[in-house]
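Now for the letters of each chain:
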Amino acid sequence: MIRRLACSLAASALLTLPAVVSAAETSAVNEKFRWLTFVVFGAIIALTMFVTYLAAKRVKSASEFYAAGRSVSGIQNGWAIAGDYLSAASFLGIAGLISLYGYDGFMYSVGWLVAYITVLLVIAEPCRNIGKYTLGDILAFRNDPKSAKTVAALSTITVSIFYLTAQMVGGGVLVKTLIGIDYEVSVVAVGVLMLAYVLFGGMVATTYVQIIKAVLLVTASILLVIFTWAPYGFSLPGFLQAAVDSANVQGQVTKLIGDAAKNMTPQELGQRFLEPGLFLKNPIDQISLGMALVLGTAGMPHILMRFFTVPTAKDARVSVIWAMGIIGGFYVLTLFLGLGSAINVGQTEITRIDKGGNMAGPLLAQFLGGGPDSMLGNLFLAFVAAVAFATIVAVVAGLVLASASAMSHDIWVGVVRGEHATQEEEVRAARISSIIVGIAAIIIGILAKGQNVAHLVALAFAVAASSNLPCVLLTLYWRKCNTGGIVAGMIIGSLSAIALVMVSPNMTYPTIVKANSEKAIKAADEKLVALSADLAAATDPAAKAKVETAIAAQEKAKKTALDNVVKLGDATTSLVGLDKPLIELKNPGLISIPLGFLAVILGSLLYRDKRADDLWDELYVRQNTGIHAEGAVAH
Amino acid sequence: MAKTPMNWVAIDQDPRFQELHRKKSAFLWGLMIFSVVYYFLLPIGAAYFTDLFKIKVWGPINVGLLFALSEFIVAWGIAWIYARRANSEFDAMTLEINRAAASIGGAK
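Model, not experiment: these values are computed from the prediction. (Residues numbered from 1 in each chain as written. Chains lettered and ligands numbered in written order. Predicted model: local features only at pLDDT ≥ 70, side-chain atom pairs only at ≥ 80, totals over all residues. Heavy atoms only, no water.)

Novice: How would you summarise the overall build of chain A if you had to cite specific residues and measurements?
Specialist: Across its full length, chain A carries 26 helices and 0 strands. Expected size for 635 residues packed as a compact globule is a radius of gyration near 26 Å; at 25 Å, chain A falls within 12% of this value. Burial status across chain A gives 60% buried among its 635 residues. Look at the contacts in chain A between residues 6 or more apart in sequence, and 84% of them connect residues 24 or more apart. As presented, chain A carries roughly 23,400 Å² of accessible surface, and 66% of it is formed by carbon and sulfur atoms. (Helix = DSSP H or I, 4+ residues; strand = E, 2+ residues; numbered from the N terminus. Rg over C-alpha atoms; globule rule 2.2 N^0.38 Å. Buried < 20%, exposed > 50% of the residue type's maximum accessible area, 1.4 Å probe, protein only. Contact = heavy atoms within 4.5 Å. Areas by Shrake-Rupley, 256 points an atom, 1.4 Å probe, with all protein chains shown as cover.)

This is the structure we're talking about:
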């Protein structure tokens, strides 16, 4: 039955896609070649559905559903971690940041790799040794199981929902921008596909989908980099010099630094692109984000869960090392993708379709294949678009599996049933939880349409770094840590991170937006007056056309500003009733992470818990040696 | 599958385990602190030592770019150093403790 359902779901996902393509206003794919995109999409979806079909036959026990029977090899798991971790934000977003802001974009990517040092050194192996399926299992080892599992599950669901929302909304927008499918349809397509993987194939299918996605992503990036770099004889200074010499790059720097550009030579302008300070202006914010990344990755439930899929702690080590190689290598490649796109496509074209620069990579692919009107160019673009789609689905599947496991394994089996549930009951509970989370993800994705959700990714990392990580780290390494500390740390860490974001500049402040919009409208009006004078004075058609384009641009800017004011309606204060942000910090990590650690420490010292103390020796010996660790399932 | 009962307190106090604990703690936390400090030097350097970051070293390649690239090399280097030490030394020590575990302190 399951197999038939999986097939029909796949078929319906395939059929609905082309039927609802809306008129392409600004999508990246040339309408003439849209069928090509669907062929590539179809091929990738068919492949992932095939592995799900194979996986569905295998998944019968809880260990298979949550942890792929612990039979994933270290290398496979390394690829799967990369597939779980490299979201569309890193694939398209960072290449975009580099194409628009040069050095700062590259610097931004570093933290995402460094984060894995924490995972490798102090988290992966101990967690594999003492854990079973979830974050809750790790924390329940020596703390009161019901309390620990409850707070761990709540935190897992919170972190996953934040991340999930960002992925669903980002994915919907992305697919719409790339190929012009309606936003709602692409959200539903992502949701249905992901649900099919998780529901039928559990962790087995999710692992394979993540591996397939990582292999596709890395292959696509390597090919693009080879094509981009080859004209410069694979010379690093030669390639960077081309960026410095590029008129696109020089123009972009002029736009970014304004008046300061007046006294600079074109070479100096180009070189400025390779220097810091064009995007990341506040170092404190960056350090705050850096802390959230470096400590948050190790507390991400969907990443932690991956370590339970390998047979031993040593395999967990191997998998993190592979993941670091793949993830780091990928970020080095994005330097070439971003700069290559800046040189060949140009920032004007990149931002025409998407202001954030997300189209830098896809448009570079189109250029390398021969441009927007060529078959090969569109095939390249279709491939990159399909990889982006696979990227979103794979990350979302990992997140849904993590939160569904928290619901079924921690809450239902652990807390409600007091650990008394048969394998069948547990797997059924896990599947029902997956459906609940999957449907919730689709609904949230549709409701959050048009919302600015980019900061939710950073918030997810900040919450994980402020609550999950202090709890895991201290329960593993600090004898005095106990239930009181875990409960206090989870609650104070996550609530403080969320509360700080609510009063931060990330929220929308109507008064500020209105003031800015009015300023923008006034500026546009002044420019329009000047431009209409120019238009009257212009004689030759070329000059006239140029002025007309400038007028159109100003009118568009004015309309955007007006729309912004209209969108706000009568609102005068932010969601929590503020006129302006209370703190300047965009990422709460700098404050909430120390608070989280402090809460665990104080909570532990103020609370007496004999069990936590009695079990310390057992935990410490087991996390170091792997004695009595959960073993692999034989096939 | 029934698991052999162990005397965890005795294993924890066993000199072999204590040695593993000492060696691992010093090594891991040392690497951890070094990597965090090295990572935060990048945003701090970019913000407060801009003139240094701008110095051109090789064609258009400046100190800042080299420093950012070195972050990758250092991360991979730490992974390599850790893996080498863990594979050669920690794994062997762990294996020895695991073999002896059931008999340490007389199983309860």
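Novice: Describe the packing of helix α6 (residues 103–130) of chain A against helix α15 (residues 313–344) of chain A, naming the residues involved and giving the relevant values.
Specialist: Residues and elements named next belong to chain A. Running from N to C, α6 and α15 point in directions that differ by 175 degrees, and their axes come no closer than 9 Å. One finds that α6 runs roughly antiparallel with respect to α15. The segment α6 lies against α15, with Phe-106, Ser-109, Trp-112, Leu-113, Tyr-116, Ile-117, Val-119, Leu-120, Ala-124, Glu-125, Arg-128 and Asn-129 engaging Ala-313, Ala-316, Arg-317, Val-320, Ile-321, Met-324, Ile-327, Gly-328, Tyr-331, Val-332 and Leu-335. Here the residues of the contact of α6 with α15 are counted per class, giving 17 nonpolar, 3 polar and 3 charged. (Axes fitted to C-alpha atoms, helices over the stretch in contact; angles between N-to-C directions. Parallel < 35°, antiparallel > 145°, perpendicular 65-115°, else oblique. Nonpolar A, V, L, I, M, F, W, Y, C, P; charged D, E, K, R; others polar.)

Novice: Just give me the short version of the packing of helix α4 (residues 74–85) of chain A against α15 of chain A, but keep the residues and values in it.
Specialist: Residues and elements named next belong to chain A. Remark: α4 packs on α15, axes separated minimally by 7 Å, with the N-to-C direction vectors making an angle of 50 degrees. Considering their axes alone, α4 and α15 lie oblique with respect to each other. Our pair here, α4 against α15, has a crossing hand that is right-handed. Of α15, the residues touching α4 (which contributes Gly-74, Ile-75, Asn-77, Gly-78, Trp-79, Ile-81, Ala-82 and Tyr-85) are Asp-315, Val-318, Ser-319, Trp-322, Ala-323, Ile-326 and Ile-327. Its residues placed into classes, the contact of α4 with α15 shows 10 nonpolar, 4 polar and 1 charged. (Left-handed = near helix turned anticlockwise from the far one by under 90°.)

Novice: Run through the interface of chain A and chain B, naming residues and quoting values.
Specialist: The interface is formed by 51 residues belonging to chain A together with 53 residues belonging to chain B. Our count for the contact surface shared by chain A and chain B stands at 3 salt bridges. The shortest N-O distance in the salt bridge between Lys-314 of chain A and Asp-91 of chain B comes to 3.4 Å. Where chain A touches chain B, the interface holds 12 residue pairs in polar contact (both at pLDDT 80 or more). Breaking the side of chain A that touches chain B down by element, the ones donating at least two residues are α6, α10 (236–245), α13 (283–296), α15, α20 (454–477) and α26 (616–625) of chain A. Looking at which element gives the most residues to the side of chain A that touches chain B, the answer is α6 of chain A, with 14 residues. Taken together, the residues of the side of chain A that touches chain B sort by class into 30 nonpolar, 13 polar and 8 charged. (Salt bridge = Lys/Arg side-chain N within 4 Å of Asp/Glu carboxyl O. Polar contact = N/O pair within 3.5 Å; in protein donor to acceptor, adjacent residues only side chain to side chain.)

Novice: Help me get a handle on the state of the cysteines, residues and values and all.
Specialist: Residues and elements named next belong to chain A. Under the definition given, this model contains 0 disulfides over all chains. Here Cys-127 is not disulfide-linked; the sulfur of Cys-471 is the nearest cysteine sulfur, at 12 Å. On the basis of relative accessible area, Cys-127 is assigned to the buried category, the value being 0%. We note that Cys-471 lacks a disulfide partner, and the nearest cysteine sulfur, in Cys-481, lies 6.9 Å from it. When its relative accessible area of 0% is taken as the criterion, Cys-471 is described as buried. (Disulfide = S-S within 2.5 Å.)

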